[in-house]
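If you want the building blocks of each chain, they are given just below.
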Amino acid sequence: MARADLEQLDGMSEVSDGRIRGQATYLKGVELVRSGWVRVSPEWDHDHCEFCWSTFAEASVLPDALHEGFATLDLEHWICPTCFDDFKEEFLWRIP
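Residues numbered from 1 in each chain as written. Predicted model: local features only at pLDDT ≥ 70, side-chain atom pairs only at ≥ 80, totals over all residues. Heavy atoms only, no water.

Peer 1: Pulling in residues and values, what's your account of the pattern of salt bridges?
Peer 2: Note on pairing: side chains with opposite charge can pair once their charged atoms come close. Counting across every chain of the model gives six salt bridges. Salt-bridge contacts for arginine 19 lead to aspartate 86; the nearest nitrogen and oxygen are separated by 2.8 Å. Here arginine 19, found in the loop between α1 (3-7) and α2 (24-27), pairs with aspartate 86, found in helix α3 (residues 81-91); they are 67 residues apart in sequence, far enough to count as distant. Taking the relative accessible area as the measure of exposure, aspartate 86 reaches 42% and is therefore partly exposed. Ionic pairing is found between glutamate 31 and arginine 94, a salt bridge with its closest N-O pair at 3.9 Å. Placement of glutamate 31 in the loop between α2 and β1 (32-36) and of arginine 94 in the segment after α3 is noted, with a sequence separation of 63 residues between them. Look at arginine 94 and you get partly exposed, because its relative accessible area is 44%. Linked by salt bridges that have partners in common, Asp17, Arg19 and Asp86 make up one network. (Salt bridge = Lys/Arg side-chain N within 4 Å of Asp/Glu carboxyl O. Helix = DSSP H or I, 4+ residues; strand = E, 2+ residues; numbered from the N terminus. Buried < 20%, exposed > 50% of the residue type's maximum accessible area, 1.4 Å probe, protein only.)

Okay, here's the thing in structure tokens:
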């Protein structure tokens, strides 16, 4: 497949940024909320940015982790502020 064809895959520039790995299938056009990281179950003590894999956690658990960012409304998928700024136009995210 030609490079130009790869860059148009799902309307995303898959080859130009290694952080993009198919997230368009579940994150393109979704509504996001800016939020402090929330433990959604007692067994879960952290999450990762869907793009750069930065860690989100409570300050008491991981002081050096991110403590807020952008999340899907179900708090299932987290995006750090840097990746949000880098991809907000490409992914057409909506913020209420």
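Let's pick the thread back up.
Peer 1: Before we move on, could you go through the environment of leucine 73 and cite the residues and values that matter?
Peer 2: Looking at where leucine 73 falls in the secondary structure, it is placed in the loop between β4 (68-72) and β5 (78-79). Ignoring sequence-local partners within four residues, the contact set of leucine 73 consists of Glu31 and Val33. (Contact = heavy atoms within 4.5 Å.)

Peer 1: Kindly report on the sheet that holds β1, identifying the contributing residues and their values.
Peer 2: Where strands meet in a sheet, backbone hydrogen bonds hold them as pairs that are either parallel or antiparallel. Pairing in this open sheet of three strands is antiparallel, and the strands run β1-β4-β5 from one edge to the other. If you trace the sheet from one side to the other, it starts and ends with β1 and β5, each paired once. Sheet topology note: the β4/β5 ladder contains two bridges and is antiparallel. Each bridged residue has a counterpart across the sheet, and for alanine 71 the counterpart in β5 is tryptophan 78. Its contacts with the sheet put α3 on β1, β4 and β5, and the angle it makes with β4 is roughly 55°. (Pairing = 2+ DSSP bridges. Axes fitted to C-alpha atoms, helices over the stretch in contact; angles between N-to-C directions.)

Peer 1: Give me the lowdown on the packing of aromatic side chains, citing residues and values where you can.
Peer 2: Tallied over the entire structure, the rule returns eight aromatic pairs. Measuring from centroid to centroid gives 5.6 Å for phenylalanine 84 and tryptophan 93, while their planes differ by 10°, and the two rings are stacked. Tryptophan 93 shares its class with phenylalanine 84; the two are buried. Among the aromatic residues, those joined into a ring-pair cluster are Phe51, Phe70, Phe84, Phe87, Phe91 and Trp93. (Phe/Tyr/Trp six-rings, centres within 6.5 Å; stacked < 30°, edge-to-face > 60°.)

Peer 1: Quick one: what's the story with the side chain of aspartate 47, residue by residue and with numbers?
Peer 2: Summarising the element assignment, aspartate 47 is placed in strand β2 (residues 47-48). It is arginine 39 that comes nearest to the buried, bridge-free aspartate 47 among opposite-charge side chains, at 9.4 Å. A polar side-chain atom of aspartate 47 sits 3.0 Å from a polar atom in the side chain of tryptophan 44. Apart from residues no more than four positions distant in its own chain, aspartate 47 is found in contact with Trp37, Ser54, Thr55, Phe56 and Trp78. (Lys, Arg positive; Asp, Glu negative; His and termini not counted. Polar contact = N/O pair within 3.5 Å; in protein donor to acceptor, adjacent residues only side chain to side chain.)

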